[in-house]
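Spelled out, the chains give:
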Amino acid sequence: MKKRALNVLAACILLFSACSAGGEEPLPPEPEEGILIYASLNPISNMIQVNVDHFNEDHEDVQIEIRDYSNEGGPERLLLELMAGRVPDIIDLHRHAVITHKYGMSWEAGYSGIDLDISLQNPKHDTDMTVEYWMPYRQLVQKGYLEDLWPYIESDPELGRDAVLEAPLKAAEVNGGLYMLFKEFSVSTMIGPESLVGDQFGWTLEELMEAFAVMPEDSSILRYDAVRDDVYSNLISPTLSRYVDWESGQCFFDSDEFRNLLGFLKCFPEQSETALSPEEVQDEVVRRILNGRQLLAPVTIGWLEDIPFEDTYFGEPASYIGYPTADGSFGSSFLLHGNTLAMSSTCKDKEAAWDFMRKLIVRRYNWGSMERTRKYFSIRIPVNREDYEMGNRVDMAAEADVPPVAANYGKVKFVVEPPDQNDLQRFETLINSTTQIYWPDDKLSDIIWEAAGPYFAEDKTIDETITLIQNRVGLYVNEQK
């Protein structure tokens, strides 16, 4: 399994004790009066610096000082300082994965419909990707480190709940409180041909298998060369929190649904045996999708115009069916883009901190700037409602002004129609049906993956494996309370 998130706070307590005893990594000094500390997990970009400079120019009695935690051990160091009582006023919660080309160009990593990993593995692209981190958001909330931001949004004279898209913000809630803020998002989901999976949002694993059963004999659910780890990461891992009640500490892996998931995973090989190059693999994936030999494809929807684009996958309307869940609810997630900020509950000037953070969700565009931005830059769905609606109108205006555009997957070319009113309805239903953010708990995922290993190797029974998972996850979850 790929390591992307941080270990839990409990582990940091031990690490903090060791570092303190050895005299390493001394704690930062207490800030002077009138200084707010902004803890940044990401390298200090020109945009971040400009935003801080503008804030400092506009505020005489309070200034923001950036503290850089973007180096390799930065996130762990930040958690240590939190445990020691050195709590910053504004906290970066997510370090982006950044892809860097050999010529120096960098961009935030995303997820495309057909296999970002193939393009990254291709040596001719000469790319490198930094490690992505997610701070333990739920644990920070439960331990009282973070401030609920809903009251600030509701009382802001330029905002209020009507000024933002509530679906992604409500998905980020913990016990009804909102403790993070972000300006843009996209939706990570699974699509399949409507004729096979139906026109619906959400299904169970049994329904997935029923749809797969009517496909030709040489078909596959995901990529034809998918291995067990791929399927676990794409289909299973994003839904594991549904088997955990984080408040009570109870786990629910001893169920027919989860047993079926493990049996399903066991059907996939541990390693791929393909001898094809990455380019040939990508061409084969496209060919199988076009010929009706692949049921599902992972996609990320970042704008209205993506809806007609994804319909080209199957030569018919794509159904946004999502990842299978135990109860058939919609298993898709919001991916958060740009800086994801939190305000500490001990912030020394909360109104000033909010004045800085609110810039993420206030209106930023007029028609002209939105047109230019949509044409030349890659932005995602804005949280601000006026920007969101304006972006949709810009995309819809293309229906009359712009002819269909050519697109290609590998060697195959397509014609993509501009979005129409039906696409807008599908787009908005997709957003409003999504109820969770993608904020992975790699520790939980790794515990289950490692405990299931002996079962896949025929060394343990399913009952022994379920008992082991229940015990190990139960210990982990209760450590977080």
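Structural notes, computed from the coordinates.

**Considerations on a negative patch on the surface**
Stage number 1. Where like charges cluster on the molecular surface, the negative patch consists of Glu206, Glu207, Glu210 and Asp256.
Stage number 2. Counting residues per element, the negative patch draws most heavily on helix α9 (residues 205-213), at three residues.
Stage number 3. Looking at where Glu206 falls in the secondary structure, it is placed in helix α9.
Stage number 4. Judged by relative accessible area, Glu206 falls into the partly exposed class, the value being 36%.

**Comments concerning the sheet that holds strand β2 (residues 63-68)**
Stage number 1. Here four strands make up an open sheet; going across it, the order is β2-β1-β3-β15 and the pairing mixed. Each edge of the sheet is formed by a strand with only one pairing partner; in this case those strands are β2 and β15 (341-343). The mean inter-strand angle of the sheet, taken between neighbouring strand axes irrespective of direction, is 25°.

**With respect to the environment of Phe55**
Stage number 1. Along the chain, Phe55 turns up in helix α2 (residues 46-58).
Stage number 2. Linking Phe55 and Ala352, residues 297 residues apart in sequence, is a C-alpha distance of 9.2 Å.
Stage number 3. The contact partners of Phe55, leaving out residues within four places of it in the chain, are Val62, Ile64, Ala352, Asp355 and Phe356.

**So, α9**
Stage number 1. Those residues of α9 not exposed but buried are Leu205, Leu208 and Ala211. Each buried residue of α9 sits inside an arc of 120° when the element is viewed along its axis, so together they form one side. Opposite its buried face, α9 presents the exposed residues Glu210 and Ala213, each directed more than 90 degrees away.
Stage number 2. Contact partners of the buried residues in α9: α8 (194-197) and α11 (256-266).

**As for the pairing of strand β14 (residues 333-337)**
Stage number 1. Among the five residues that make up β14, five are buried, leaving the element largely enclosed by the rest of the structure.
Stage number 2. Burial of β14 is two-sided: the residues Ser333, Leu335 and His337 facing one way and the residues Phe334 and Leu336 facing the other way are all buried.
Stage number 3. Here strand β9 (residues 184-193) pairs with β14 via five bridges, running antiparallel. Within β14, the residue paired with Glu184 across the bridge is His337.

**As for unusual backbone geometry**
Working note: non-glycine residues mostly have negative phi, and peptide bonds are mostly trans.
Stage number 1. For Asn175, which is not glycine, the phi dihedral falls at a positive 55°.
Stage number 2. Locating Asn175 in the fold gives a position in the loop between α7 (166-171) and β9.
Stage number 3. The exposed category is assigned to Asn175, whose relative accessible area is 61%.
Stage number 4. With a phi close to 70°, Glu458 is a non-glycine residue in the positive phi region.
Stage number 5. Here Glu458 shows up in the loop between α18 (442-456) and α19 (462-479).

Reading the values: the criteria
- Counting of residues starts from 1 at the beginning of each chain's written sequence and follows it residue by residue.
- Side-chain atom pairs in this predicted model are given and counted only at pLDDT of 80 or more, local residue features only at pLDDT of at least 70, and totals for whole chains, interfaces and linings cover all residues.
- The basis for every side-chain value is the complete set of non-hydrogen atoms in the structure, without hydrogens or water.
- Residues enter patches when their relative accessible area tops 30% and they take part in no salt bridge; the joining distance is 9 Å for like charges and 5 Å for the nonpolar side chains Val, Leu, Ile, Met, Phe, Trp and Tyr.
- Per-residue and other accessible areas follow the Shrake-Rupley method at a 1.4 Å probe size, with only the shown protein chains counted as cover for residues.
- Within this document, salt bridges are pairs made up of a side-chain nitrogen of Lys or Arg and a carboxyl oxygen of Asp or Glu, the two lying within 4 Å of each other.
- Only four residue types enter the tally: Lys and Arg on the positive side, Asp and Glu on the negative side, with His and both chain ends excluded.
- Lysine's charge is taken at NZ, arginine's at CZ, aspartate's at CG and glutamate's at CD.
- Secondary structure elements are taken from DSSP: a helix is a run of H or I of four residues or more, a strand is a run of E of two residues or more, and numbering for both begins at the N terminus.
- Buried, partly exposed and exposed residues are distinguished by accessible area as a fraction of the type maximum, computed with a 1.4 Å probe on protein chains only: under 20%, between the cut-offs, and over 50%, respectively.
- One requirement defines pairing of two strands: DSSP has to find at least two bridges between them.
- Orientation is described by axes fitted as lines to C-alpha atoms, over the contacting stretch for helices, and by angles from 0 to 180 degrees between their N-to-C directions.
- Whether two residues touch is decided by their heavy atoms; if any such pair falls within 4.5 Å, the residues are in contact.
- Think of the arc as the fan of directions from the helix axis to the C-beta atoms.

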